[in-house]
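Each chain, letter by letter, is given below.
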Amino acid sequence: MAHNTLREQDLSSGLTSIRLVIVLAFVSFCIYRYVLKATKYRKETEFGEKNGCKPPTSVLAYKWPLALDVVKRGFRAGRQKKLLSLFTDYWGFLGSTVELTILGGTGYATMDPDNIEAVLSTRFEDFHLGPRNLAMSAMIGEGIFTQDGPAWKHSRELLRRQFVRMQYQNLEGFREHVENLVGSLSDSRGIIDLQPHFYRLTLNTTIAMILGQSVESFNHEMGDLFSNSFNKASLITATRVRLGDLYFLYAPRGFFAACKTVKSYTEQFVRDALQQDRDSMKSSDKYTFINDLYSEHHQDIRLVRDQVINVLIAGRDTTAATMSYAFRLLVRYPNVLKKLRSEVESVLGQDKDVTRAYIQRMPYLQMVLKETLRLYPPVPINTRFCKQATTLPLGGGPDGRSPILIRPGMPVAYSVYHMQRRKDIYGPDAGSFLPERWERSELADLKWGYLPFNGGPRLCLGKDFGLMLASYGIARIIQAFPKIELAPGEIWEEPGTERQHLTLTLSNADGCKVLLA
Ligand code: HEM
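Conventions we followed
- Residues numbered from 1 in each chain as written.
- Predicted model: local features only at pLDDT ≥ 70, side-chain atom pairs only at ≥ 80, totals over all residues.
- Near = placed C-beta within 6 Å.
- Helix = DSSP H or I, 4+ residues; strand = E, 2+ residues; numbered from the N terminus.
- Nonpolar A, V, L, I, M, F, W, Y, C, P; charged D, E, K, R; others polar.
- Pairing = 2+ DSSP bridges.
- UniProt positions renumbered as here; feature names shortened; annotations may be inferred.
- Axes fitted to C-alpha atoms, helices over the stretch in contact; angles between N-to-C directions.
- Parallel < 35°, antiparallel > 145°, perpendicular 65-115°, else oblique.
- Contact = placed C-beta atoms within 7 Å.
- Domains from an automatic or database assignment.
- Buried ≥ 20, exposed ≤ 12 C-beta atoms within 10 Å, placed from the backbone.
- Expected span 1.5 Å × (residues − 1).
- Arc of directions from axis to C-beta.

Trainee: Run through the site of the ligand, naming residues and quoting values.
Mentor: With respect to spatial proximity, 23 residues lie near the ligand, and among them Ala-314, Gly-315, Cys-460, Gly-462 and Gly-466 are the closest. Those elements that provide at least two residues to the shell around the ligand are α6 (149-165), α12 (301-332) and α18 (463-480). Looking at the shell around the ligand, the element that brings in the most residues is α12, giving 6 residues. Here the shell around the ligand is built from residues that sort into 12 nonpolar, 9 polar and 2 charged.

What follows is the structure in structure tokens.
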């Protein structure tokens with residue numbers, strides 16, 4: 001009995017020592033981690049001091065723990081389709097570079113051209129896209145839009161070469177699609193919402209451009225199914241991207257099904273295009289984007305499919321939103337439309353074949369587009385994440401003119417939308433639609449103050465494609481319809497006060513209703 005009790009005592013003291021060792025190991029680990037973190041933090045602070053960094057001038061204040069009041073306000077504004085208006089209010093009293101601590105994470109939001117230049121260009125290597133690839137992968141897999149580092153460089157080089165050689169260069173590739181658009185608008189004259197028409201146009205042209213030919217099997221019904229799935233998947237994906245590391249918490253019903261539809265349709269388009277290419281005797285002397293992509297991706301159809309979806313997501317909504325906002329503004333500013341119409345008529349006359357040379361002879365059209373992209377940059381807000389301790393030139397010290405320290409892991413959100421409406425850059429009339437402002441000499445060299453296509457190494461690859469398609473489409477619609485007016489019942493609103501739909505890109509929440517005759 002006594003023997004047993006002794007063994008139990010031995011056992012229990014043995015267990016106690018094991019527990020003690022585990023607790024000690026855990027505590028040592030925590031101390032080690034803490035010391036490591038504190039040392040890293042101190043080194044980063046020293047780095048900041050050495051580079052003249054000062055504490056942020058402006059810090060977002062909040063009332064509830066974890067800034068839940070700010071989050072709640074954001075969700076409410078999102079539901080009311082007024083998220084960017086809410087941010088406009090914040091910028092108004094906070095200044096142009098702000099430190100934010102939301103849900104326990106600290107980062108910065110900026111609309112300073114110098115800071116944006118640092119993030120996108122001069123300190124490009126210090127930043128990356130962060131969790132964007134994880135949040136987007138269900139829909140768009142791996143491709144240029146989600147990659148960083150060497151994988152992105154490879155995709156960029158591959159696609160850049162293809163964009164240079166693409167067959168839209170003389171704009172003939174746009175003709176069939178723009179004429180289809182004009183035809184379907186003519187069929188339904190009267191009050192028309194132009195927005196869905198533009199989304200169809202940009203989807204069709206982008207697909208045709210990448211695949212090298214129109215997809216014959218891509219009829220209206222299939223187009224709508226693909227389009228709807230594409231819309232649904234990108235809407236949900238945009239919210240997942242905004243949630244950062246917590247993206248997986250948001251996957252409403254139908255999301256994965258929509259992603260699957262987008263992927264399987266695109267895969268089928270790719271297969272059809274490759275087959276048509278093989279069947280075509282012309283393929284030996286005709287360059288096709290898709291064929292090159294296929295051989296460069298080691299004939300892996302899924303990699304090609306993902307790269308195609310990446311280009312589609314970059315190209316479709318951006319250009320459609322630009323065209324839609326352009327008409328939204330034109331019908332609200334009839335004097336601008338009148339001036340543009342007179343330019344289109346004098347340059348094009350009766351000729352329906354819009355060429356690059358014609359577009360170059362329409363400077364007012366170019367100013368209208370430039371002004372539309374100023375007020376409504378299709379990618380209004382974007383984010384980068386810090387890879388290694390770095391600095392931004394502005395936002396610190398009492399006057400905000402000193403650099404600020406950006407620690408690894410911190411997000412830096414930059415708002416092109418708000419920067420391009422700054423009165424100190426564009427003048428007191430910055431909020432108005434005024435294409436003539438682009439004739440002013442003081443706007444001749446804005447550099448990073450105007451940035452609808454991004455800048456630095458990740459500059460948009462489809463800039464010329466998007467601008468040419470939008471110019472072609474707008475000129476042809478104006479030529480085809482002598483009367484384009486604000487639809488009855490539509491109200492005149494100051495740009496920026498209307499309801500907006502914010503996914504990965506910005507669009508009109510209420511479409512673009514016009515009266516066509
Ligand atoms: C008015 C039209 C357009 C605007 C305003 C626009 C704007 C942008 C912006 C802001 C980015 C940077 C996104 C980021 O880094 O987070 C971007 C990237 C990109 N855009 Fe565009 N875009 C337009 C049209 C197009 C079109 C038509 C295509 C293709 C057909 C296209 C292809 C791309 C690609 C491939 C990238 C990724 C570049 C990279 O990361 O290296 N874009 N675009």
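Trainee: Describe the pairing of strand β12 (residues 513-516), listing the residues and the values that go with them.
Mentor: Bridge analysis of strand β4 (residues 190-193) against β12 gives 4 bridges, and the strand direction is antiparallel. Each bridged residue has a counterpart across the sheet, and for Asp-193 the counterpart in β12 is Lys-513. Bridge analysis of strand β9 (residues 484-486) against β12 gives 3 bridges, and the strand direction is antiparallel. By the bridge assignment, Leu-486 is partnered in β12 with Val-514.

Trainee: Mind laying out the sheet that holds strand β8 (residues 411-415), listing which residues take part and the relevant values?
Mentor: With mixed pairing, 5 strands are arranged side by side in an open sheet as β1-β2-β8-β5-β3. The open sheet has two edge strands with one neighbour each: β1 (97-102) and β3 (127-128). Relative to β8, strand β2 (residues 105-110) runs parallel, the two sharing 3 bridges. In the strand pairing of β8, Thr-110 is matched with Tyr-414.

Trainee: Any chance you could break down unusual backbone geometry for me, citing the residues and the numbers?
Mentor: The phi dihedral of Ala-67 is positive, around 60°, even though this residue is not glycine. Along the chain, Ala-67 falls in the loop between α1 (2-50) and α2 (68-79). Of note, Lys-447 is a non-glycine position whose phi angle comes to about 50°, a positive value. You can see Lys-447 is positioned in the loop between α17 (423-426) and α18.

Trainee: For the UniProt feature "transmembrane region" (unreviewed entry) in the chain, give the residues involved together with the corresponding values.
Mentor: Under the UniProt annotation, the feature "transmembrane region" (unreviewed entry) is placed at residues 16-35. Taken end to end, residues 16-35 is 100% helix and 0% strand, and its first and last C-alpha atoms sit 28 Å apart.

Trainee: Run through the packing of helix α13 (residues 334-348) against α18, naming residues and quoting values.
Mentor: Each pair of packed helices can be summarised by the angle the axes make with each other and by the distance between the axes. Their axes nearest at 10 Å, the elements α13 and α18 cross at an angle of 90°. Of the possible angle classes, the one that applies to α13 and α18 is roughly perpendicular. For the pair formed by α13 and α18, the contact residues are Leu-340, Arg-341, Val-344 and Leu-348 on the first element and Ala-475, Ile-478 and Gln-479 on the second. Grouping the constituent residues of the contact of α13 with α18 by class yields 5 nonpolar, 1 polar and 1 charged.

Trainee: Which residues make up the domain arrangement of the chain, and what are the values?
Mentor: Each assigned domain of the chain is listed with its residue range as follows: domain 1 (43-140 + 380-419) and domain 2 (150-377 + 454-516). The distance between the C-alpha centroids of domain 1 and domain 2 comes to 30 Å. Across the contact, 20 residues belong to domain 1 and 29 residues belong to domain 2. If you list the elements that add at least two residues to the side of domain 1 that touches domain 2, you get α3 (83-94), α4 (113-122), α5 (132-140) and α16 (416-419). At 7 residues, the largest contribution of residues to the side of domain 1 that touches domain 2 is made by α5. Looking at side-chain class alone, the side of domain 1 that touches domain 2 contains 14 nonpolar, 3 polar and 3 charged residues.

Trainee: Tell me about the sheet that holds β4, and name the residues and values.
Mentor: The strand order across the open sheet formed by 3 strands is β4-β12-β9, and the pairing between neighbours is antiparallel. Two strands close off the open sheet at either side, each with one partner strand: β4 and β9. Neighbour-to-neighbour, the strand axes of the sheet open up by a mean angle of 40°, direction not taken into account. Of the strands in this sheet, β9 and β12 are in contact with α12, which crosses β9 at around 80°.

Trainee: Hey, could you go over the environment of Gly-409 for me, with residue numbers and the actual values?
Mentor: By the secondary structure assignment, Gly-409 is in the loop between β7 (402-406) and β8. Look at Gly-409 and you get partly exposed, because 13 C-beta atoms sit within 10 Å. Put simply, Gly-409 and Gly-107 are 302 residues apart on the chain and 8.7 Å apart in space, counted from C-alpha to C-alpha. Discounting chain neighbours no more than four positions away, the residues touching Gly-409 are Phe-385 and Cys-386.

Trainee: Tell me about α3, and name the residues and values.
Mentor: When the terminal C-alpha atoms of α3 are compared, their 16 Å separation across 12 residues agrees well with the 16 Å that a helix rising 1.5 Å per residue should span. Within α3 the residues assigned to the buried category are Leu-83, Phe-87 and Trp-91. When α3 is viewed along its axis, its buried side chains cluster within an angular range of 75° and face the same direction. Of the exposed residues in α3, those oriented more than 90 degrees away from the buried face are Asp-89, Gly-92 and Phe-93. Gly-95, located one to two residues past α3, shows a positive phi value of around 95°.

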